[in-house]
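Report on the structure
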Amino acid sequence: MRVDFRTRYCEDTALRTTPPGVPVARVVVDVMLKPEILDPQGQAVQRALPRLGFEGIADVRQGKRFELEVEGPVDEAALARIQEMAETFLANTVIEDFTVRVDS
Amino acid sequence: MRVDFRTRYCEDTALRTTPPGVPVARVVVDVMLKPEILDPQGQAVQRALPRLGFEGIADVRQGKRFELEVEGPVDEAALARIQEMAETFLANTVIEDFTVRVDS
Amino acid sequence: MTSRIGVITFPGTLDDRDTQRAVRVAGAEAVPLWHRDKDLKQVDAVVLPGGFSYGDYLRAGAISRFSPVMETVIEQAKAGMPVLGICNGFQVLTESHLLPGGMLRNNHLHFICRDQKLRVENADTAWTTDYTAGQEISVPLKNIDGRYVADERTLDMLEAEGRVAFRYLDGNPNGSLRDIAGITNEAGNVVGLMPHPEHAVEPLIGTGRTDGLGFFTSILKKLVNA
Amino acid sequence: MTLDTVKHASETPGVEQPWAELGLKKDEYERIREILGRRPTGAELAMYSVMWSEHCSYKSSKVHLKQFGEKAPENDAMLVGIGENAGVVDVGQGYAVTFKVESHNHPSYIEPYQGAATGVGGIVRDILAMGARPVAVMDPLRFGAADHPDTKRVLPGVVAGIGGYGNCLGLPNIGGEVVFDPCYQGNPLVNALCVGVMKHEDIHLAKASGAGNKVILYGARTGGDGIGGVSVLASETFDDSKPAKRPAVQVGDPFQEKLLIECTLEIFKEKLVTGIQDLGGAGLSCATSELASAGSGGMRVELDTVPLRDSSLSPEEILMSESQERMCAIVEPGNVERFLEICEKWDVIATVIGEVTDGSQLEIFWHGEQIVDVPPRSVAHEGPTYHRPYERPAWQDALQADDAGELARPADAAELRAQVLKLVGSPNQASKAWITDQYDRFVQGNTVLAQPEDSGMVRIDEDSNLGVAVATDGNGRYAKLDPYAGAQLALAEAYRNVAASGAKPLAVSDCLNFGSPEDPAVMWQFAEATRGLADACQILGTPVTGGNVSLYNQTGEVAIHPTPVVAVLGVIDDVNRRTPIAFSEEGQLLYLLGDTRAELGGSAWSQVVHDHLGGLPPQVDLAREQLLAEVLISASRDGMIDAAHDLSDGGLIQALVESCLRGGKGARLVVPDGQDPFVLLFSESAGRAVVAVPRSEELRFTDMCGARGLPATRIGVVDGAEIDVQGQFSIPLSELKQAHESTIPGLIA
Ligand SMILES: Nc1ncnc2c1ncn2[C@@H]1O[C@H](COP(=O)(O)OP(=O)(O)O)[C@@H](O)[C@H]1O
Ligand SMILES: [Mg+2]
């Protein structure tokens, strides 16, 4: 089940370098602190929940989500490059894990 | 022996409220800045990519990902509550959009 | 009897003691208020000081906004009680929707601490009558989430109604839209700004200027004359 | 396998134990067996191994550090000396100040942000544990070459970490250092200092006494942080699956620390603790054994009561965990309830984990079974001591013979001008504003002086205007040329900086950053530097109150420059009398105090212009430093000077540029008769400062200098919008500003 409130937004962002009309695909990289690493942010959120009247959440972890608009085909090669980018740059693998996936 | 003190932990900790053995499901809330709002973090990432030898990324947006461990069944009612939690708390809808989904 | 000005302490508030000092320097009585207490102890006005309440985790001001004391503050502010939010306090006010818009990470992504020049655009709010409209003042600025944003319609409305209370001069330090450093609500009793007037009330300390004292003398006059 | 209890250990003497993996030497392991009269349990082995490590036991350095005590000058101001979490100094009016500098070098290289952040967190807890409210932090930093790609990774992370943590705690950052040198590539130095203030009666000590008193652990939950090595034991003790992943990196939670500070201060205010200790390196092992050892000896701890973040932790790991933001207090039973109430008020988790006993052993239990039974002194205070061999390296003579005085000097005025611009724009001499603007220097509303002033100064009493000033300095280049003199020059500079801002120097803390003690050349540098520092402290009358040693800062065979970083704390009766560095009044007269000799060994000029390091560092004259300090303090007290800036790396021209840019006013200089302009501008002779004297005070000031025998040479006047050196060159302030301020952003941003 998925509830989506997001509107698409590809057209007029300042940094866009793709000419209009060229198809772009979205790849999402999720970066989360490794499970054994302290996540003070997630903890603070979790502690606040009961006060706000939300019960029944056993744990909260907070991480980062990167949405990448990729020019050209998102093939094996492209994904491998993004994988490498995530590993060397988007995530700090000393303390973080990441996943890469094509957004459907 | 291990099992033993994991039980203790669950009983003792203020943070963890699930009794041992109760299954938990994960719900993910993604929060992204609204498209019309400048995202300097995403831009900084995008600007750095070519320098690192990664070409062909037309746009990068950076947001937050929350992983919630939910006690009990994640049914319509539970999702509605999480939806409300996201709307009033996890996201500031003046500047952010969000999506809620059950992690598969 | 002098006026009583409440200064709220949330967990992680940093500038509460400085704000209390500024209130005293201006000649009012500073009343410490605790986030878990709904009771405002019959204060005449409230200041939400700067800091990193709840570590600024989630979003600056987001968790504090749900504290018991804020229930009363929100209620009283709507009824006209003067409320000033400084830095993190401003963030709490936008999160509480007492003031429109929101605050995001600075466009350069760094914490910035500097002496900041401002123009007082609105000298009619509860907290600014001791300034004159157009007056230029310098007070310290220090934050990482100081970029004020709102949609165009809101910005136009703020401009049209004279609710942009302070604007950055000599360079926008964080990418705030329309150089906005602070705003007021329609009634002029609720004011929020990112720079720190409470750090500019003594000649020797900080930047060595007292340009911020006017906030505290303004409110004192208003309360005394009320 | 079963739990390795004391009983089990006695019954199984032959079990192989991983002492080598835990960093123990064979003879050290034998000694543990001797102390216990049996083999240690896994938990005991873990405790000894970490407490007997170089980091916790100072085993290589303590024979040298002893001198700080032996040579300590008579000083009535010392209230608590070396050995406690931090030294405490009396600053008058019933106030006491505690301060200490520590290193977090290696973690900051691995993970710059968290490494630096937790470095700040650790030193702040040390200060808090003394009973003081932390009031300021400083951060002496050293990185590899400014243009090295890895510096771009390390520096922004370190700066963001220091800022992220310190800003969130509400501690003003009032100074520090940023030095670049290729020798720190791979071994950046991240030192952090904290200052705290309390009333005399609030001083607390780390000791557990009074049988029946409770041991309370409070603050963050315990996770598997920083226990990589000890997981060896976990995997031996528990047979299910592989050892769980244990993070080598500790993550800081400044919000939790802020709560810990406020909560602890409230607990102090109600006088609810009899002893207290922060949890830093070696976590609970260290806190329990040190508290017990310093107290009456006996303590019993139920380890399974420790609140955990990770339920899979073994008892050894819990003992070893370096999870941040935790403290341990000894509380009389009657006060426990109130203690817990205050913790609850601040959302701080607090748990009674044990009690003080009337025995003499530290006993730790896990699910009712005893896993530790040790004499606490043997763990905490009676670790091994090494007399490591040391020897002056063979290359030292050649290095010193390579005289910087022989280097080509500028041929004409145009070249001199060009070299001035190059110097003030070089990474080490350039403005550090890009860095320091990321630190909150205003918070708490008591900051009188902060960077780029000579020292950081905070008011500690709002009514009397009593204040304290702190400066930190270190010069690895000088110390490489001569470690004895180099350490003294670091002290002299910090001392001079404190005096230049008008405060009277009182006490010293130091962080000794060196390479591997197993290299006799490094050990010689260490021995020389400690001896130099101890001797100089004795002469200047400023005792070392505490500090930190960081060894093994080296990559392969190559050690960093020996880098003693010295912090000097001073007191000023009335902060209204502070002296800033800015030249802000046109027409004021510029006087150069002290003697300028042709001293260029290790200088910034030799580095920037010739990429050279050789010769001897500037001569040390501590009597002169003392005289200069007296004059600077008197002049500030009697209102004879409006600005003062000490001269150090970069010499006179560097100081002038900084003072001119700070005040937005230029200076016209006249080279005194018989002086070589190049030497005047670039020499780094110690014991000097430049001051701005209002014309009305000139006679009084020069009379004072004359009467006291301090050379004072009039070298010019504050004037215009350029620095003009008569007969040589003139550079507009705008050009200097550009050169000085664009370098760091250009390299790092
Ligand atoms: N990492 C830092 N953090 C805070 N302040 C710093 C840092 N690095 C340098 N500073 C400040 O910048 C100023 C100039 O530094 P430096 O040239 O090393 O001073 P000095 O030579 O007088 O010791 C000083 O006020 C110093 O405290
Ligand atoms: Mg200096």
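Residues numbered from 1 in each chain as written. Chains lettered and ligands numbered in written order. Predicted model: local features only at pLDDT ≥ 70, side-chain atom pairs only at ≥ 80, totals over all residues. Heavy atoms only, no water.

Helices and strands together make up the secondary structure of chain A, namely 2 helices and 4 strands. The order of helices and strands in chain A, counted from the N terminus, is β-β-α-β-α-β. Burial status across chain A gives 48% buried among its 104 residues. Once local pairs closer than 6 in sequence are excluded, the contacts in chain A between residues at least 24 apart make up 69%. Accessible surface for chain A amounts to roughly 5000 Å². Of this, 54% is attributable to carbon and sulfur atoms. (Helix = DSSP H or I, 4+ residues; strand = E, 2+ residues; numbered from the N terminus. Buried < 20%, exposed > 50% of the residue type's maximum accessible area, 1.4 Å probe, protein only. Contact = heavy atoms within 4.5 Å. Areas by Shrake-Rupley, 256 points an atom, 1.4 Å probe, with all protein chains shown as cover.)

A few words on the relation of the copies chain A and chain B. Overlay of chain A on chain B (RMSD 0.2 Å): rotation 180 degrees, translation along the axis 0.0 Å. What the superposition gives is, in effect, a two-fold axis relating one chain to the other. For chain A, the smallest separation between a C-alpha atom and the rotation axis is recorded for Lys64(A), amounting to 2.2 Å. Of all interface residues in chain A, 74% are interface residues in chain B too; the two copies therefore contact each other through one and the same surface. (Least-squares fit on C-alpha atoms with pLDDT ≥ 70 in both.)

Another aspect to go through is the domain arrangement of chain D. Residue and element names in this part refer to chain D. Along its sequence, chain D is organised into domain 1 (1-73 + 205-387) and domain 2 (396-543 + 558-748). Just the C-alpha atoms count here: the centres of domain 1 and domain 2 sit 43 Å apart. Each partner contributes residues to the interface: domain 1 has 9 residues there, and domain 2 has 16 residues. Summed over both partners, the interface of domain 1 with domain 2 comes to about 970 Å²; 73% of that surface belongs to carbon and sulfur atoms. (Domains from an automatic or database assignment. Buried area = accessible area lost by both parts, 1.4 Å probe.)

All names here are of chain D. Residues of chain D with pLDDT of at least 70 account for 97%, and the chain-wide mean is 94. Taken as a whole, residues 235-244 scores under 50 in pLDDT and shows 17 contacts with residues more than four places along the chain or in a different chain. Taken together, the chains of this predicted complex give a pTM of 0.92 and an interface ipTM of 0.88. (pLDDT = per-residue confidence, 0-100.)

Residue and element names in this part refer to chain D. Spatially, the 7 strands line up as an open sheet ordered β8-β10-β7-β11-β9-β12-β13, and their pairing is mixed. Whereas interior strands pair on both sides, the edge strands pair on one side only; in this sheet they are β8 (275-278) and β13 (369-374). Strand-to-strand twist in this sheet, taken as the mean axis angle between neighbours without regard to direction, amounts to 20 degrees. Of the strands in this sheet, β12 (362-366) and β13 touch helix α3 (residues 42-51), which is tilted by about 35 degrees from β13. (Pairing = 2+ DSSP bridges. Axes fitted to C-alpha atoms, helices over the stretch in contact; angles between N-to-C directions.)

Residues and elements named next belong to chain D. Inspection of the region around ligand 1 gives 19 residues, with Asp139, Gly175, Gly176, Glu453 and Asp473 positioned closest. For ligand 1, a nitrogen atom lies 2.3 Å from a polar atom in the side chain of Asp139. Within the contact set of ligand 1, an oxygen atom lies 3.3 Å away from a side-chain nitrogen or oxygen of Glu493. Protein chains shield 89% of the accessible area of ligand 1, which is 550 Å² for the free molecule. (Near = heavy atom within 4 Å. Polar contact = N/O pair within 3.5 Å; in protein donor to acceptor, adjacent residues only side chain to side chain.)

Below, the discussion takes up the coordination of the magnesium ion (ligand 2). Coordination angles at a metal have ideal targets, namely 109.5 degrees for four tetrahedral donors and 90 or 180 degrees for six octahedral donors. All names here are of chain D. Coordination sphere of the magnesium ion (ligand 2), protein contribution only: Asp454 (OD), Asn497 (OD1) and Asp646 (OD), at 2.2 to 2.5 Å. Spacing between the donor residues of the magnesium ion (ligand 2) along the chain follows D-x42-N-x148-D. Remark: Asp646 occurs in strand β23 (residues 643-646) and Asp454 occurs in the loop between β14 (447-449) and β15 (456-459); sequence separation between them is 192 residues. For the pair shown, Asp454 and Asp646 are each scored as buried. (Donors = N, O, S within 2.8 Å, 3.2 Å for Na, K, Ca; no water.)

Within the largest apolar cluster, 89 residues are counted, with the highest numbers of intra-cluster contacts made by Val29(B), Leu68(B), Leu90(B) and Tyr218(D). Summarising the domain contributions, this core has at least three residues from each of domain 1 (1-73 + 205-387) and domain 2 (396-543 + 558-748) of chain D. Among residues more than four places away in sequence, those in contact with Leu90(B) are Val45(A), Val29(B), Val31(B), Phe66(B), Leu68(B), Met85(B), Glu96(B), Leu58(C) and Arg59(C). In terms of nonpolar packing, the next biggest core, distinct from the first, is built from 64 residues, Leu48(C), Val69(C), Tyr168(C) and Val191(C) among them. (Core = buried A, V, L, I, M, F, W, Y, C linked by side-chain atoms within 4.5 Å.)

Contacts between the two partners involve 47 residues from chain A and, on the opposite side, 45 residues from chain B. For the pair chain A and chain B, the interface holds 2 salt bridges. Salt-bridge contacts for Arg65(B) lead to Asp30(A); the nearest nitrogen and oxygen are separated by 2.8 Å. Linking chain A to chain B there are 14 residue pairs in polar contact (both at pLDDT 80 or more). Among the secondary structure elements, those contributing two or more residues to the side of chain A that touches chain B are β1 (2-4), β2 (24-33), α1 (40-51), β3 (57-71) and α2 (76-90) of chain A. (Salt bridge = Lys/Arg side-chain N within 4 Å of Asp/Glu carboxyl O.)

On to helix α4 (residues 152-160) of chain C. All names here are of chain C. Every buried residue of α4 is accounted for by Thr154, Leu155 and Leu158. One face of α4 carries all of its buried residues, which in axial projection span an arc of 100 degrees. Pointing more than 90 degrees away from the buried face of α4 are the exposed residues Glu152, Arg153 and Ala160. In this fold, the buried residues of α4 make contact with β8 (147-149), β9 (164-168) and β10 (180-184). Looking one or two residues beyond α4, the residue adopting positive phi is Gly162, at roughly 65 degrees. (Arc of directions from axis to C-beta.)

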